[in-house]
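A look at the structure
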Amino acid sequence: MNALATAQQAYSSNSAATRTPRDTEYETLARITHRIRAAAEGDAADYPKLAHALHDNKRLWTVFASDVASPENGLPTDLRARLFYLAEFVDHHTSLVLVRKASVVPLLEVNTSILRGLRSGAS
């Protein structure tokens, strides 16, 4: 290995694009949404995978709710209130899905809408 290749390898990890909190939120929500969709499209044997994905989704929305409830959150008050309401909806609806009294589709729709907003940079 020559000096140039060694230098490129040493600095390659430092030259990676910096991730913003919005990028991290998007990636996490997208990964969870994909897991929910994949498990929901499976058969009854996939129920444990669905339950685990829904649990992770609920935990993420709890983090979102906590963040928007914080006085230090810089989002507009109206948007913060709507996101907090969505977190409450996700919590309640997830419970219904887990006892098989509701469809997972509304949770996927909520997550997909938030993903669109995060991707577009809307705040």
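Structure report, in brief. Sequence order sets the numbering: in each chain, residues are counted from 1 along the sequence as written. Note on the predicted model: pLDDT of at least 70 is required for a residue's local features to be given, and 80 or more for side-chain atom pairs to be given and counted; whole-chain, interface and lining totals, by contrast, use all residues. By convention in this description, side-chain values take in all heavy atoms of the structure and omit both hydrogens and water.

1. Quick word on the nonpolar core
By convention a nonpolar core is built from buried Ala, Val, Leu, Ile, Met, Phe, Trp, Tyr and Cys residues, the set being connected through side-chain atoms within 4.5 Å. Burial status follows relative accessibility: with a 1.4 Å probe on protein chains alone, a residue under 20% of its type maximum counts as buried, one over 50% as exposed, and anything between as partly exposed. Residues Ile36, Leu54, Trp61 and Val104 are the most contacted members of the largest nonpolar core, which totals 24 residues. Within the residue set of this core, elements represented by two or more residues are helix H2 (21–41), helix H3 (47–69), helix H4 (77–98) and helix H5 (105–120). In terms of residue count, the dominant contributor to this core is H3 (8 residues). Setting aside residues no more than four positions away along its own chain, Val104 makes contact with Ile36, Ala40, Leu50, Leu54 and Val97. Helical segments are the DSSP runs of H or I of at least four residues, strand segments are the runs of E of at least two, and each set is numbered from the N terminus. The contact definition used throughout considers only heavy atoms, calling two residues in contact when any of these lie within 4.5 Å.

2. With respect to the packing of aromatic side chains
Note on ring pairs: Phe, Tyr and Trp rings are taken, using the six-membered ring of Trp, and paired if centres are within 6.5 Å. Classes follow the plane angle, with under 30 degrees stacked, over 60 edge-to-face and the rest tilted. Here the structure, examined in full by the defined rule, presents 1 aromatic pair. A ring pair is formed by Trp61 and Phe64, whose centres lie 5.1 Å apart and whose planes are at 85°; its orientation type is edge-to-face. Of this pair, Trp61 and Phe64 both sit in helix H3, separated by 3 residues, roughly a single helical turn. The class for Trp61 is buried, based on a relative accessible area of 1%.

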